[in-house]
Amino acid sequence: MSEIVNRSAENGDPAPSATDRGTVIGEGLFWMAKWSLCLVAVAAGAWVLAFLIAKMWVVLLPVLLALVVATVLWPPTRWLTSHRFPPAAAAATTVIGFLALFAGVIALIVPSVVGQAPELADRSSEGVHQVQDWLQGPPLNIRQEQLDSAVDAIVSRLQSSSDRIASGVFSGVTTATSVIVTLFLVLILTFFFIKDGPRFLPWLHGVLGTRGGRHFEEVLSRIWVTLGGFIRTQALVSLIDAVFIGAGLVILHVPLAMVLAVITFIGGFVPMVGAFVAGALAVLVALVANGFTTALIVLGIIIAVQQIEGNVLQPVLQSRSMKLHAVIVLLAVTAGGSLFGIIGAFLSVPIAAVAAVVLRYIGEQIDNATAPPPPLESDQPVPGTD
């Protein structure tokens, strides 16, 4: 055989191949076709799932919001049950306390809005005229016709999108299912989640069996820990932002300081986008009501607080438990906001965190399945032998 190979090499003929070239190309094409069909099947399944979610959004929205609220209310409920409160009484006490806190915040900010809105509207008109005079003067020297056309374009744009913005607050809630009914469902579901939640995983384990139940129980436990840690940490960070920024607004005598502080707290639950919008609104109100110097001071306070939040609070308190890149967070917020409005932007990061937990668990199972077997005891060298 070696003589045949050497003779072929001397004559310039190619050496015989173990596998035909056409066979290799065919196997590659078959591999590509198989994975292409798998990707098409996954895309079709994702489309069907998105279609079902859109159809069932009225039902899913209260469930998702209740899960978020339940992660916040579970620690006090657990503390009450550990002090011999019955589960129903502990859950009811926590939910009623949450309602009282929410009503207190509303009662605190509504009189402020009603009392300062007329003055703010008058100062807004003065601010608009000042900005108009500044734009018409040097160095810009913009003509009145150009300003009028720009203002008309902005007003028409806002009017055309006002319905979509208003409906985006509770996207998917139809006229038959009002906002009040949705909030009522959220409260009822939250009560049952924090009351009967500890019994859910054992029940699911028994229904699915030992093998499937073990995986579902582990994944759901990790999801609950990750989701609860994210929501509670985000609430604490948002509260710190709201307190410091609100204190700065109060010291500078900016109108609607308490309202802006509450908006800052709520905006903290929408990473990146929420903080930017809340900060821009605070600077705009300060500019209109107190002038350019106060607006610059407010901008400096907001930048300083957000820098402390991003570089100190988030790493220390959250310890990067989600392990989500900033680009993924931004894309999730953008996709959630474009598909489901403000509620979608609010829920996008928790859903992305849940998906990351599931993917990490699948990766762990793949690593365990593909890991090389441990060496046998007979293969290990015996001490003292060559």
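Just so it is clear, the model here is predicted, and its values are computed rather than measured.

## Regarding the overall build of the protein chain
Phase 1 of the analysis: What the protein chain contains, in helices and strands, is 11 helices and 0 strands.
Phase 2 of the analysis: Start at the N end of the protein chain and walk to the C end: the helices and strands fall as α-α-α-α-α-α-α-α-α-α-α.
Phase 3 of the analysis: Out of the 386 residues belonging to the protein chain, those deemed buried represent 27%.
Phase 4 of the analysis: Counted over contacts in the protein chain with a minimum sequence separation of 6, partners at least 24 positions apart contribute 70%.
Phase 5 of the analysis: Accessible surface for the protein chain amounts to roughly 25,300 Å². Of this, 72% is attributable to carbon and sulfur atoms.

## Some words on unusual backbone geometry
Phase 1 of the analysis: The phi torsion at Arg84 lies on the positive side, around 70 degrees, for a residue other than glycine.
Phase 2 of the analysis: Considering the arrangement of structural elements, one finds Arg84 in the loop between helix H3 (57–82) and helix H4 (87–136).
Phase 3 of the analysis: A relative accessible area of 80% places Arg84 in the exposed class.
Phase 4 of the analysis: You will see that His253, though not glycine, has its phi angle at about 60 degrees, which is positive.
Phase 5 of the analysis: Topologically, His253 is positioned in the loop between helix H7 (200–251) and helix H8 (257–267).
Phase 6 of the analysis: Here His253 falls in the exposed class, since its relative accessible area comes to 65%.

Calculation rules
- Residues numbered from 1 in each chain as written.
- Predicted model: local features only at pLDDT ≥ 70, side-chain atom pairs only at ≥ 80, totals over all residues.
- Heavy atoms only, no water.
- Helix = DSSP H or I, 4+ residues; strand = E, 2+ residues; numbered from the N terminus.
- Buried < 20%, exposed > 50% of the residue type's maximum accessible area, 1.4 Å probe, protein only.
- Contact = heavy atoms within 4.5 Å.
- Areas by Shrake-Rupley, 256 points an atom, 1.4 Å probe, with all protein chains shown as cover.

Take it as geometry only, folks, not as evidence of what the structure does.
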